[in-house]
Amino acid sequence: MNDKKALVTGAAMGIGKATAELLAQKGAQVLIADIEEDALQKTAKEIEDMGGKVITAIADISKEKDVRTMVRKAVDEFGQLDIACNNAGIEGEMALTANYSLDEWDRVQNINLRGQFLCMKEEIAAMLESGGGSIVNVSSILGKVGYQQAPAYTAAKHGLLGLTKTAAIEYAQEGIRINAVCPAFIDTPMLERAGITTDEEVKEQTIGLHPVGRLGHAKEVAEAIVWLASEQASFVEGHALMVDGGYTAK
Ligand code: NAD
């Protein structure tokens, strides 16, 4: 990673934060982006305190202008963009498909699918300028299997894997590798908000879905992302790597 120029969206907390920290630890310069300004600055300070090189961008990935400005900032400040991790996402409300509101459907697609597409568009353009790079999209086990009462999230995460594969084969010959990770339930603020880690009974039920018998840690997903982004994964293209404690092996 030495001196690679990287960008991570949704990096104020959770998986994005762990990924930005790991990239910085391994010597990359990292632009971290999020909509949560205070939490983002806190993450930046933590990375700086451990000797990492970091810059920040307040960017809502569902807004084309924000995404453009974010990628441009990385290129302007670093000279080029080598690595992008498209991680920002929301859980969305839980409801059966026939009861799912169109507003909520649109909100989830706008961030979890349209937003990821906007990021990829700008990142690929930047990487083409400098002769290549590596993109890792954060999908989910719900990019591979269904989940009751999460129609919008599940559809968006499936869509993201389709987009990953399509862009991967489009740009493979231009030196851009595009892959995805599919985490199962990871102990982050998202699970707290969803009430999964705050209710002991729900937490135990959720743990029981994972053959390894526990929830995942953000750092474990970050390790997979950083590996996919690195030269170690030079022949890995258009892949969806399960980081799921065996969830989808059942
Ligand atoms: P989190 O809520 O802990 O962190 C997500 C971050 O993204 C937050 O800092 C939030 O402010 C930011 N964000 C949200 N909307 C944004 C937007 N429009 N623009 C920019 N930033 C935005 O969530 P997490 O658990 O770390 O999840 C990260 C990614 O991993 C998401 O894409 C999520 O769908 C995926 N994922 C999470 C789990 C899990 O169990 N935690 C499992 C599978 C996949």
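The chain has the name SDR family oxidoreductase in an unreviewed UniProt entry, where Fodinibius halophilus is given as its organism. Quoted verbatim from the Sequence similarities (unreviewed entry) field of the UniProt record, the comment on the chain reads "Belongs to the short-chain dehydrogenases/reductases (SDR) family."

**Looking at the overall build of the chain**
Tallying secondary structure elements over the chain gives 8 helices and 7 strands in all. Taking 250 residues into account, the globule formula puts the C-alpha radius of gyration at 18 Å, and the chain, at 17 Å, falls close to it. Its C-alpha atoms give the chain principal-axis dimensions of roughly 50 × 40 × 35 Å. A buried classification covers 52% of the 250 residues belonging to the chain. Considering only contacts within the chain whose residues lie at least 6 apart along the sequence, 71% involve residues at least 24 apart. Total accessible area on the chain is roughly 11600 Å²; 49% of this is exposed by carbon and sulfur atoms.

**Digging into the sheet that holds strand β7 (residues 240–243)**
Read across the sheet, 7 strands follow the order β3-β2-β1-β4-β5-β6-β7 without closing on themselves; strand pairing throughout is parallel. For this open sheet the edge positions go to β3 (53–58) and β7, each flanked by a neighbour on one side alone. Averaged over neighbouring strand pairs, the angle between their axes works out to 20° when direction is ignored. Across 4 bridges, strand β4 (residues 83–86) lies against strand β5 (residues 133–138) in parallel orientation.

**Focus: helix α1 (residues 14–25)**
An α-helical turn contains 3.6 residues, so a residue and the one three or four places further along point in the same direction. Taking 1.5 Å per residue, 12 residues should reach 16 Å; α1 reaches 17 Å between its end C-alpha atoms and fits that length. Taken across its 12 residues, α1 has 10 buried, putting it largely inside the fold. Restricting attention to buried positions, one finds in α1 the residues G14, I15, G16, K17, A18, T19, A20, L22, L23 and A24.

**Examining the layout of surface pockets**
Over the atoms, a rolling probe the size of a water molecule traces out where space has been left empty. Looking at the largest pocket, its volume works out to about 1200 Å³. What lines the largest pocket is a set of 49 residues, among which G89, I90, E91, M190 and R193 lie closest to the centre. Going through the elements one at a time, α1, β2 (29–34), α4 (102–130), α5 (151–171), α6 (189–193) and α7 (200–207) are the ones with two or more residues in the lining of the largest pocket. The greatest single-element share of the lining of the largest pocket, amounting to 4 residues, is contributed by α6. Residues of the lining of the largest pocket, tallied by class, amount to 28 nonpolar, 13 polar and 8 charged. For the lining of the second largest pocket, the secondary structure elements donating two or more residues are β5, β6 (176–183) and α8 (218–229). The element that contributes the greatest number of residues to the lining of the second largest pocket is α8, accounting for 4 residues.

**Digging into the pattern of salt bridges**
Counted under the stated rule, the structure contains 13 salt bridges. A salt bridge links K42 to E46; its shortest N-O distance comes to 3.8 Å. One end of the pair, K42, and the other, E46, are both in helix α2 (residues 37–49), 4 residues apart, so they sit about a helical turn from each other. Here E46 falls in the partly exposed class, since its relative accessible area comes to 30%. The partner of R107 in a salt bridge is E104, and the shortest N-O contact between them spans 2.9 Å. Of this pair, R107 and E104 both sit in helix α4, 3 residues apart, which is roughly one turn of that helix. By relative accessible area, R107 is classed as partly exposed at 39%. Connected via shared salt-bridge partners are K17, E21, K42 and E46.

**Considerations on the packing of aromatic side chains**
For any pair of aromatic rings, the description consists of the separation of the ring centres together with the inter-plane angle of the planes. Here the structure, examined in full by the defined rule, presents 2 aromatic pairs. Relative to F185, the ring of Y147 lies with its centre 5.8 Å away and its plane at 55°, an arrangement referred to as tilted. One end of the pair, Y147, is in the loop between β5 and α5; the other, F185, is in the loop between β6 and α6, with 38 residues separating them in the sequence. Take Y147: its relative accessible area is 29%, and that puts it in the partly exposed class. For F185, a relative accessible area of 10% translates into the label buried. Plain terms: the ring middles of F185 and Y247 are 6.3 Å apart, the flat faces sit at 40° to each other, and that makes the pair tilted. Taken together, the residues F185 in the loop between β6 and α6 and Y247 in the segment after β7 connect sequence positions 62 residues apart. Among the aromatic residues, ring-to-ring pairing joins Y147, F185 and Y247 into one connected group. Here K250 stacks its cationic end above the ring of Y247, 4.6 Å away from the centre of that ring.

Cut-offs and rules
Starting afresh in each chain, residues are numbered from 1 along the sequence in its written order. Given that the model is predicted, a residue must reach a pLDDT of at least 70 before its local features are reported, and side-chain atom pairs must reach 80 or more before they are shown or counted; all residues, however, enter totals for whole chains, interfaces and linings. Only heavy atoms go into the side-chain values, all of them from the structure, while hydrogens and water stay out. UniProt positions are given in the numbering used here, feature names are shortened, and annotations may be inferred rather than shown by experiment. What counts as a helix is a DSSP run of H or I of at least four residues, what counts as a strand is a run of E of at least two, and both are numbered from the N terminus. When we talk radius of gyration, it's over C-alpha atoms, and the globule rule is simply 2.2 Å times the number of residues to the 0.38. Partly exposed residues are those whose accessible area sits between 20% and 50% of the maximum for their type, while under 20% is buried and over 50% is exposed, using a 1.4 Å probe and protein chains only. In this analysis, two residues are considered to be in contact whenever any of their non-hydrogen atoms come within 4.5 Å of each other. Every accessible area reported is derived by Shrake-Rupley at a probe size of 1.4 Å, with residue values counting cover from the shown protein chains alone. Here, any two strands with at least 2 DSSP bridges between them count as paired. Helix axes use the C-alpha atoms of the stretch in contact, all axes being lines fitted to C-alpha atoms, and the angles between their N-to-C directions lie in the range 0 to 180 degrees. Expected span of a helix, by definition, is 1.5 Å for each gap between consecutive residues, and there is one gap fewer than residues. A cavity here means a set of points on a 1 Å grid, drawn over the protein atoms and nothing else, where a 1.4 Å probe fits but cannot get out; a pocket is an open set with protein on both sides within 12 Å along at least five of seven lines, and a residue lines either one if it has an atom within 4 Å of a point. Grid points are joined across faces, edges and corners, and a volume is the space filled by probe spheres set on the points. Classification convention: Asp, Glu, Lys, Arg as charged; Ala, Val, Leu, Ile, Met, Phe, Trp, Tyr, Cys, Pro as nonpolar; all other residues, Gly among them, as polar. By salt bridge we mean one thing: a side-chain nitrogen of Lys or Arg within 4 Å of a carboxyl oxygen of Asp or Glu. Here a Phe, Tyr or Trp ring, Trp counted by its six-membered ring, pairs with any other such ring whose centre lies within 6.5 Å, and the pair is stacked when the planes are under 30 degrees apart, edge-to-face when over 60, and tilted otherwise. By the criterion adopted, a ring carries a charge over it if an Arg CZ or a Lys NZ lies within 6 Å of its centre and within 35 degrees of its normal.

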